[in-house]
Amino acid sequence: MGCGLVRSDPLFRAHIDACDAVLRPFLNAPLLEILEDRGGNYLSDTRYAQPALVALETGLVRLWADRGIVPTWVLGHSVGEFAAAVAAGVMELHDALTLVATRGRLMASAPGQGAMLSVAASSEAVLRVLGAQGGRLDIASFNAVEQVVLSGEEESIRSAHACLHQGGISCRQLTVSHAFHSRLMEPIVPTFRTAMSAVRLAQPR
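1. With respect to the overall build of the protein chain
Okay, so step 1: From N to C terminus, the protein chain includes 9 helices and 4 strands.
Okay, so step 2: Expected size for 205 residues packed as a compact globule is a radius of gyration near 17 Å; at 19 Å, the protein chain falls within 12% of this value.
Okay, so step 3: Summarising its shape, the C-alpha atoms of the protein chain cover approximately 50 × 40 × 35 Å along the three principal directions.
Okay, so step 4: Expressed as a percentage of its 205 residues, the buried residues of the protein chain come to 46%.
Okay, so step 5: Pairs at least 24 apart in sequence give 68% of the contacts found in the protein chain among residues at least 6 apart.
Okay, so step 6: Of the roughly 11200 Å² that the protein chain leaves accessible, carbon and sulfur atoms contribute 54%.

Structure below.
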């Protein structure tokens, strides 16, 4: 989608070029090459996927604004919170991209063989399974009333998958490199907090 917009819209292309200039010191590939991902190696790697997502999302906001579509409220999940912060004027694009590139690098360095599992069940049902896993898994997100994502060590995720499947609950393992939004990310928090503290935040407009 991003590549199609780069080809068809000069404003979006200029935005991607501007993002590329910021990100080039952090990534060893041009942003457009990452968005195209012809070899399938970039977007499955959080170091590249996170900056690419924020570049795409902030580019869409600029594209819509150019068409007169300006949001009253913005909301972001996970790395999307950075794009929302840029849209709201809380954070400059340069700072957001720098932080997200740092975040991606740190998350990629997190220890452990992690995995994530999307579960079509209520949080109550999922919490029962979590109890059976001895507290080794975390709820990464509540996406809907009956749509929960689990995160943690790969072995525990596989065990939860088998347990849920046996109980007739639909679930699927996500294609991710790490157990995002789980306690396995805790070792990177102090370093990321230091990076975050260097950024000036403004009141949302």
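2. Here we look at the pairing of strand E1 (residues 114–119)
Remember that side chains alternate between the two faces of the sheet whenever the strand is regular.
Okay, so step 1: Buried residues dominate E1, accounting for 6 of its 6 residues.
Okay, so step 2: The pairing of E1 with strand E4 (residues 171–173) spans 3 bridges and is antiparallel. In the strand pairing of E4, leucine 117 is matched with glutamine 173.

3. Here's the deal with empty space enclosed by the protein
Okay, so step 1: Applying the stated criterion to the full structure yields 1 cavity of 30 Å³ or more.
Okay, so step 2: By volume, the largest cavity is sized at about 40 Å³.
Okay, so step 3: Lining the largest cavity we find Gly89, Val90, Met91, Glu92, Arg200, Leu201 and Ala202.
Okay, so step 4: Of the residues in the lining of the largest cavity, the class split is 4 nonpolar, 1 polar and 2 charged.

4. Examining the layout of surface pockets
Okay, so step 1: Of the volumes computed, that of the largest pocket is approximately 750 Å³.
Okay, so step 2: In terms of lining residues, the largest pocket is bounded by 33 residues, among which Ala49, Leu53, Ser78, Val79 and Val176 are the most central.
Okay, so step 3: Mapped by element, the contributors of at least two residues to the lining of the largest pocket are helix H1 (2–8), helix H4 (46–66), helix H6 (93–108), E1, strand E2 (137–144) and strand E3 (147–153).
Okay, so step 4: A per-element tally of the lining of the largest pocket places H4 first, with 7 residues.
Okay, so step 5: Grouping the constituent residues of the lining of the largest pocket by class yields 16 nonpolar, 14 polar and 3 charged.
Okay, so step 6: Volume-wise, the second largest pocket comes out at about 360 Å³.
Okay, so step 7: Lining of the second largest pocket is provided by 19 residues; of these, Val86, Ala87, Ala88, Gly89 and Arg205 occupy positions nearest its centre.
Okay, so step 8: Of the residues forming the lining of the second largest pocket, the biggest block, 4 residues, is contributed by H4.
Okay, so step 9: Looking at the lining of the second largest pocket residue by residue, the class counts come to 12 nonpolar, 4 polar and 3 charged.

5. Let's talk about the pairing of E3
Okay, so step 1: With 5 of 7 residues buried, E3 is to be regarded as a mostly interior element.
Okay, so step 2: With antiparallel pairing between neighbouring strands as the criterion, E2 and E3 make up a hairpin whose turn holds 2 residues.

6. What about the pattern of salt bridges?
Okay, so step 1: Scanning the entire structure with this criterion turns up 8 salt bridges.
Okay, so step 2: Glutamate 36 is the partner of arginine 38 in a salt bridge, and the nearest nitrogen-oxygen pair spans 3.8 Å.
Okay, so step 3: The exposure class of glutamate 36 is partly exposed, given its relative accessible area of 29%.
Okay, so step 4: Of the charged contacts in the structure, one is a salt bridge between aspartate 138 and arginine 183, with a shortest N-O distance of 2.7 Å. Of this pair, aspartate 138 sits in strand E2 while arginine 183 is found in the loop between E4 and helix H9 (189–197), placing the two residues 45 residues apart along the sequence.
Okay, so step 5: For arginine 183, a relative accessible area of 38% puts it in the partly exposed group.
Okay, so step 6: Sharing partners across several salt bridges, the network here consists of Asp9, Asp66 and Arg67.

Calculation criteria
Residues numbered from 1 in each chain as written. Predicted model: local features only at pLDDT ≥ 70, side-chain atom pairs only at ≥ 80, totals over all residues. Heavy atoms only, no water. Helix = DSSP H or I, 4+ residues; strand = E, 2+ residues; numbered from the N terminus. Rg over C-alpha atoms; globule rule 2.2 N^0.38 Å. Buried < 20%, exposed > 50% of the residue type's maximum accessible area, 1.4 Å probe, protein only. Contact = heavy atoms within 4.5 Å. Areas by Shrake-Rupley, 256 points an atom, 1.4 Å probe, with all protein chains shown as cover. Pairing = 2+ DSSP bridges. 1 Å grid on protein atoms, 1.4 Å probe; cavity = no way out; pocket = protein on both sides within 12 Å on 5 of 7 lines; lining within 4 Å. Points joined across faces, edges and corners; volume = space filled by probe spheres on them. Nonpolar A, V, L, I, M, F, W, Y, C, P; charged D, E, K, R; others polar. Salt bridge = Lys/Arg side-chain N within 4 Å of Asp/Glu carboxyl O.

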